[in-house]
Amino acid sequence: MRRTITVISVAAIVALYLTIFNVKHPLIGMDVEKNKNGDIVVSDIYEFGWAKKNGIHINDQVLKVDGKPPLSHFTVRKYKTIEQAKTITIQRENQIQTLTVDYKSHGTEQWLYYIALPMGFFLFAVSLSIFLLRLRPDDKSATVLIYFLLLIGLCYISASLSAKYALFGRQMFNGIFLILPAVFLHFVHHYFEKEKKVWFAKKIVFSLYGFNLVMFVASLISLSFRSISEVEVLLTTFFINIVIILALLGKGFVYLKKDEQQNTVKGLLLAIGLSAAPFVLFYSLPVLIIGKWVLPAELTVTSLFVLPSVFLYLICTDRLFRLQFSINRFVYYAFLSFLPAFLITLLYAKFVNEAWRLVEFVLLFLLIYIINILALYLKECFDRTLRAKLYVQKDFYQESIYRIGETLKKQKNMQEVIQCLEKEVSKLLAIEELAFVQPAIKNMQAPFQCDEKEWMKLTKKMDRKPLSIGKIIENKRLFAVFVGSFRQGPLLLIGKKKHPIPFTAEQTDWLSTIVYYTSITIENMAKVEDLIKELDNLKESRNSIWLTRLIFQWSEKERRKLSIDLHDTILQDLIVLKRKVESLRVQNMRMDEMKKQLNTIEEEIVDMIDLTREICHELRPPFLSQIGLKEAIVQLIQRFQLRANIKVKWHIHLSIKLDEERELAVYRIIQELLNNALKHSQASHIQLTLETYDEKVQLHYVDNGIGIDMETLNHCDGKLGLFGIKERVESLSGTCEMTSQLGDGLHIIVTIPL
């Protein structure tokens, strides 16, 4: 960690030095050559340079640079360009003028492209590096990523000095520019090697380092050759590197198919693609192929901001390093608003009004930036308040799924559920007739007027194909959807479209989904009705005594547990507190001593309040619906670590929203496991992992405690709470695998279908 802090500090010092040099020396942007008379004349003017802003023209004769002949200036002699000069004497026809170049000569574009943007990017990279260092101080892959971010920040700043032919900045830019792809690939290898999912050998990384080192040496000696330029060597090497990286990431995307880490590879592909594409397509390739860029490098490299932005997004969405933290909503919206505000301001200043001053430029950016943040806040408010009440429109299938889900929860019987489905389908699809039927398919009659041949073909298709819930069968204007099999037999939704146009893929998915929701609702209603009838039968039969005893035993068991908790904690504390108060009453003591005793009593009362709140939380966590399962578990672990000297390492990744029953079950299982560890396991370390995938939620629990005898557990009547965990999981159609040996800890895998 100390080494990384040192590297960040050194990088910051170098960046500051480069920025100061950039401020002192504006980009002159003036290439020169010898004419037939042996005079030094201007051969080219760069778009963003000082020369163009000061009215210097091609073919103007350069008489002196810094008061001396032009060829005595090192950039003229070595690179055939004028940079890092303080004064330039120009002759045009018979007019001679001496122009001064100082830090005041920076135009708005130079301040933006060569100073503000590079320094802003570097600060962004340093902030992200410090953030990573704090959360992953000992992670090698995070350290390599920090080095990559710092190097790319220094590369951006030194690019300006490279354009000005400053020796230190130019060589730094060349070296970093070539090493960056290898460092990125090094990070990718480190990260996926740690995850045990790497798909390419480490020797490829070192080979890329070696290749780029050779090309760096080639760029240094390229000045001795007229047939190849330094720029061509750099751009060709960079293009080869990008192709190699994209090919390897593409291979990883295929290799990690059906693995959650595929999303990480997708994010890395997006980061490299979006950040490098403008530079490669509009600058590098045109320069290599036709010798002239389509867009200047200053514009194309602004896409570099995408790179750390995507990394931050991957970290925030728990797809990179799996860091457990929350981000403030304002910070998130401010981050999202920055790039569009900057791009809009840049385009306006470039194409609408080029004569703007820097202050006006900044004010416009701030105005757009604030409007973007407010717009995101308003969107969130409208989504939250109007989502369930949005006016039904064609093709609003996502809102329809949410709406029908909310509506189905409020229905009381099967008939209301069917009417709800019929209403939703009629509103979103161009339907002429709609009906629900339950007779046998072979003898089924059309529920409404339609073409008899079409109807016969539809029934034949239904007869040939196996019916599954949500399966849609079409024949011209007619269609049928199997809703499910219930007490009265199969339920079919039959419809007649207004036009003989097949449903689109989106319409098919939407209709299948809402029919599936409807089928589950009807099935659950039937199960509840059966359960109520069974309980009523038990009450009326001779087994009613057994049912009553079962209910009372369960109630008494819970009361007994609560009474033990209260007796062993709060009641004992209250007795001690009463004795302290009695002693205060009979003792004669000074006021300051009495205040000290009262402060101690007050602290004990606060502890009792916290303990009471803890017991209430264990009885029923009221915050699950408010803050969510993940945050509730985090708070549970934090409270546990305050009571126990046990280290808990945890990872929670819930990509799917759980229903209330499963949320409570998962919370109770983790709560019981932690209580068991505190009371029985004698463990010093616990590892918890909670993830959702493939419509399942899975919990991994491992501790290094004394373990248990599995044969004893299988015959126990609920001790340790582990038997109760098994019963709770099985009641949700899940599985609970427990493995343990005496002296070898406990390992539990709980899997619950969603």
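As shown above, the structure is provided for reference.
Just so it is clear, the structure is predicted and the values come from calculations on it, not from any experiment. (Residues numbered from 1 in each chain as written. Predicted model: local features only at pLDDT ≥ 70, side-chain atom pairs only at ≥ 80, totals over all residues. Heavy atoms only, no water.)

### Here's the deal with the overall build of the protein chain
A count of helical and extended segments in the protein chain gives 24 helices and 15 strands. A buried classification covers 43% of the 754 residues belonging to the protein chain. Expressed as a percentage of contacts within the protein chain between residues at least 6 apart in sequence, the contacts between residues at least 24 apart total 64%. Per element, the accessible surface of the protein chain, about 42800 Å² overall, is 58% carbon and sulfur. (Helix = DSSP H or I, 4+ residues; strand = E, 2+ residues; numbered from the N terminus. Buried < 20%, exposed > 50% of the residue type's maximum accessible area, 1.4 Å probe, protein only. Contact = heavy atoms within 4.5 Å. Areas by Shrake-Rupley, 256 points an atom, 1.4 Å probe, with all protein chains shown as cover.)

### Section: the packing of helix H7 (residues 202-221) against helix H8 (residues 230-255)
Contact pair H7 / H8: the axes reach a minimum separation of 9 Å and the direction vectors enclose 170°. One way to sum up the angle between H7 and H8 is to call them roughly antiparallel. Here Ile-204, Leu-208, Phe-211, Asn-212, Met-215, Ala-218 and Ser-219 of H7 come into contact with H8, specifically with Glu-230, Val-233, Leu-234, Thr-237, Ile-240, Asn-241, Ile-244 and Leu-248. A class-by-class count of the residues in the contact of H7 with H8 yields 10 nonpolar, four polar and one charged. (Axes fitted to C-alpha atoms, helices over the stretch in contact; angles between N-to-C directions. Parallel < 35°, antiparallel > 145°, perpendicular 65-115°, else oblique. Nonpolar A, V, L, I, M, F, W, Y, C, P; charged D, E, K, R; others polar.)

### Here's the deal with unusual backbone geometry
Residue Gln-682 is not a glycine yet carries a positive backbone phi of 60°. By secondary structure assignment, the location of Gln-682 is in the loop between helix H22 (660-681) and strand S12 (685-693). Taking the relative accessible area as the measure of exposure, Gln-682 reaches 63% and is therefore exposed. Unusually for a residue other than glycine, Glu-695 sits at a positive phi of about 60°. In this fold, Glu-695 is placed in the loop between S12 and strand S13 (696-703).

### A look at the packing of helix H6 (residues 167-194) against helix H9 (residues 262-290)
It is the contact of H6 with H9, at a shortest axis distance of 12 Å, that shows an interaxial angle of 170°. Put simply, H6 runs roughly antiparallel to H9. In this structure, H6 contributes Phe-177, Phe-184, Phe-187, Val-188, Tyr-191 and Phe-192 to the contact, and H9 contributes Thr-264, Val-265, Leu-268, Ile-272 and Phe-279. Here the residues of the contact of H6 with H9 sort into 10 nonpolar, one polar and no charged.

### Observations concerning the packing of aromatic side chains
Scanning the entire structure with this criterion turns up 23 aromatic pairs. With 6.5 Å between their ring centres and 80° between their planes, Tyr-46 and Trp-293 make a pair best called edge-to-face. Of this pair, Tyr-46 sits in the loop between strand S2 (40-45) and helix H2 (50-53) while Trp-293 sits in the loop between H9 and helix H10 (297-300), and the two are 247 residues apart along the sequence. For Lys-292, the ring lying beneath its charged end belongs to Trp-293, and the centroid distance is 5.0 Å. Positioned over the ring face of Phe-503 is Lys-497, at 4.5 Å from the centre of the ring. (Phe/Tyr/Trp six-rings, centres within 6.5 Å; stacked < 30°, edge-to-face > 60°. Lys NZ or Arg CZ within 6 Å of the ring centre and 35° of its normal.)

### Considering the nonpolar core
Counting residues in each nonpolar core, the largest one holds 96 residues, and the members touching the most others are Phe-187 and Phe-311. If one sorts the elements of this core by residue count, H6 sits on top with 14 residues. Apart from residues no more than four positions distant in its own chain, Phe-187 is found in contact with Ser-141, Val-144, Leu-145, Leu-268, Phe-311, Leu-320 and Phe-321. (Core = buried A, V, L, I, M, F, W, Y, C linked by side-chain atoms within 4.5 Å.)

### Overview of a nonpolar patch on the surface
Together, Phe-211, Phe-239, Ile-240, Val-243, Ile-244, Leu-288, Ile-289 and Ile-290 make up a nonpolar patch on the protein surface, roughly 660 Å² of accessible area in all. Where the nonpolar patch is concerned, the elements lending two or more residues are H8 and H9. In terms of residue count, the dominant contributor to the nonpolar patch is H8 (four residues). Along the chain, Ile-290 turns up in helix H9. (Patch = residues over 30% accessible without salt bridge, like charges linked within 9 Å, V, L, I, M, F, W, Y side chains within 5 Å. Salt bridge = Lys/Arg side-chain N within 4 Å of Asp/Glu carboxyl O.)

### Remarks on the sheet that holds strand S11 (residues 647-653)
With respect to topology, five strands assemble into an open sheet ordered S11-S12-S13-S15-S14, the strand pairing being mixed. Each having just a single partner strand, S11 and strand S14 (735-740) make up the two edges of the open sheet. Neighbour to neighbour, the strand axes of the sheet diverge by 5° on average, direction disregarded. Judged from the eight bridges that link them, S13 and strand S15 (residues 746-753) form a sheet pairing that is antiparallel. Opposite Lys-696, over in S15, you have Pro-753 as the bridge partner. Running at roughly 180° to S11, helix H21 (residues 629-643) makes contact with S11 and S12 of the sheet. (Pairing = 2+ DSSP bridges.)

### Focus on the sheet that holds strand S8 (residues 472-475)
In space, the four strands of this open sheet follow the order S7-S10-S9-S8, with antiparallel pairing throughout. On the outer flanks of this sheet lie strand S7 (431-437) and S8, each paired with one strand and no other. Averaged over neighbouring strand pairs, the angle between their axes works out to 20° when direction is ignored. Relative to the sheet, helix H15 (residues 414-428) contacts S7, strand S9 (478-486) and strand S10 (489-497), its axis offset from that of S7 by approximately 160°. Along the sheet face, helix H16 (residues 452-464) touches S8, S9 and S10 and points at about 150° away from the line of S8.

### Notes on the environment of Phe-305
Looking at where Phe-305 falls in the secondary structure, it is placed in the loop between H10 and helix H11 (306-316). Since its relative accessible area comes to 8%, Phe-305 is described here as buried. Expressed as a C-alpha distance, the spacing of Phe-305 and Leu-274, which sit 31 residues apart in the sequence, is 9.6 Å. When near neighbours in sequence (up to four residues on either side) are disregarded, Phe-305 contacts Leu-117, Gly-120, Phe-121, Phe-124, Tyr-156 and Leu-339.

### Description of the pattern of salt bridges
Where side chains of opposite charge bring their charged atoms close, a pairing between them can arise. All chains considered together, the criterion is met by eight salt bridges. Arg-477 serves as the salt-bridge partner of Glu-432, at 3.0 Å between the closest nitrogen and oxygen. Of the two residues, Glu-432 is situated in strand S7 and Arg-477 in the loop between S8 and S9; the sequence distance between them amounts to 45 residues. Classification of Arg-477 as partly exposed rests on a relative accessible area of 23%. Between Lys-657 and Glu-663 there is a salt bridge whose closest N-O contact spans 3.0 Å. Glu-663 sits in the buried class, given a relative accessible area of 7%. Among the charged side chains, a network of salt bridges with common partners joins Glu-432, Arg-477 and Lys-496.

### Focus: a positive patch on the surface
Taken together, the side chains of Lys-453, Lys-457, Lys-460, Arg-464 and Lys-476 make up a positively charged region of the molecular surface. Mapped onto the elements of the fold, Lys-453 is located in helix H16. (Lys, Arg positive; Asp, Glu negative; His and termini not counted. Charge placed at Lys NZ, Arg CZ, Asp CG, Glu CD.)

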